[in-house]
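An overview of the molecular structure
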Amino acid sequence: MPTYRFREIKHQASKSLPCPACGKKLRRQRTFSQTLNPFNKNKDGQVKTELEIVRELVVVASKWEAEPEPHPACQKAVAS
Ligand SMILES: [Zn+2]
């Protein structure tokens, strides 16, 4: 059986937003990815194209980029 290697489409995102707890800026970097493969289909049941995947990744990444996150230590302080 042949081995299929599916290409991974990646989108790197980064944000620098003030922590909601202490107000100091928190920098985060994250890579969003999806694999281009015959099982990765869109709502219409068609295999997603590279462009569709890139668009989806950009949407998810921009939501993440707009969301402020507390520092791990500040999160503990807020939770307790
Ligand atoms: Zn903080």
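Above this text you will find the structure in question.
Quick caveat: nothing in here was measured; it's all calculated off a predicted structure. (Residues numbered from 1 in each chain as written. Predicted model: local features only at pLDDT ≥ 70, side-chain atom pairs only at ≥ 80, totals over all residues. Heavy atoms only, no water.)

1. Remarks on helix 1 (residues 50-66)
- The first and last C-alpha atoms of helix 1 sit 24 Å apart over 17 residues, in line with the 24 Å expected at 1.5 Å per residue.
- Taken together, the buried positions of helix 1 are Ile53, Leu57, Ala61 and Trp64. Buried residues of helix 1 fall within an arc of 60° about the axis and therefore sit on the same side. Among the exposed residues of helix 1, those pointing more than 90 degrees away from its buried face are Leu51, Arg55, Lys63 and Ala66.
- Those residues of helix 1 that are buried lie in contact with strand 1 (7-18) and strand 2 (25-36). (Helix = DSSP H or I, 4+ residues; strand = E, 2+ residues; numbered from the N terminus. Expected span 1.5 Å × (residues − 1). Buried < 20%, exposed > 50% of the residue type's maximum accessible area, 1.4 Å probe, protein only. Arc of directions from axis to C-beta. Contact = heavy atoms within 4.5 Å.)

2. Some points on the side chain of asparagine 40
- For asparagine 40, the location among the structural elements is in the loop between strand 2 and helix 1.
- For asparagine 40, a relative accessible area of 15% puts it in the buried group.
- A polar contact of 2.9 Å, which involves the side chain of asparagine 40, links it to the side chain of glutamine 34.
- There is a polar contact of 2.8 Å between the side chain of asparagine 40 and the backbone oxygen of threonine 35.
- Apart from the residues lying within four places of it in its own chain, the contact partners of asparagine 40 are Gln34, Thr35, Gln46, Val47, Lys48 and Ile53. (Polar contact = N/O pair within 3.5 Å; in protein donor to acceptor, adjacent residues only side chain to side chain.)

3. Considerations on the coordination of the zinc ion
- Taken together, the protein ligands of the zinc ion are Cys19 (SG), Cys22 (SG), His71 (ND1) and Cys74 (SG), with distances of 1.9 to 2.4 Å.
- Seen from the zinc ion, its four donor atoms lie at angles of 105 to 116°, and the figure they make is tetrahedral.
- One chain supplies every donor to the zinc ion, and in sequence these donors are spaced C-x2-C-x48-H-x2-C. (Donors = N, O, S within 2.8 Å, 3.2 Å for Na, K, Ca; no water. Tetrahedral: all angles 85-135°; square planar, octahedral: opposite > 155°, others 65-115°.)

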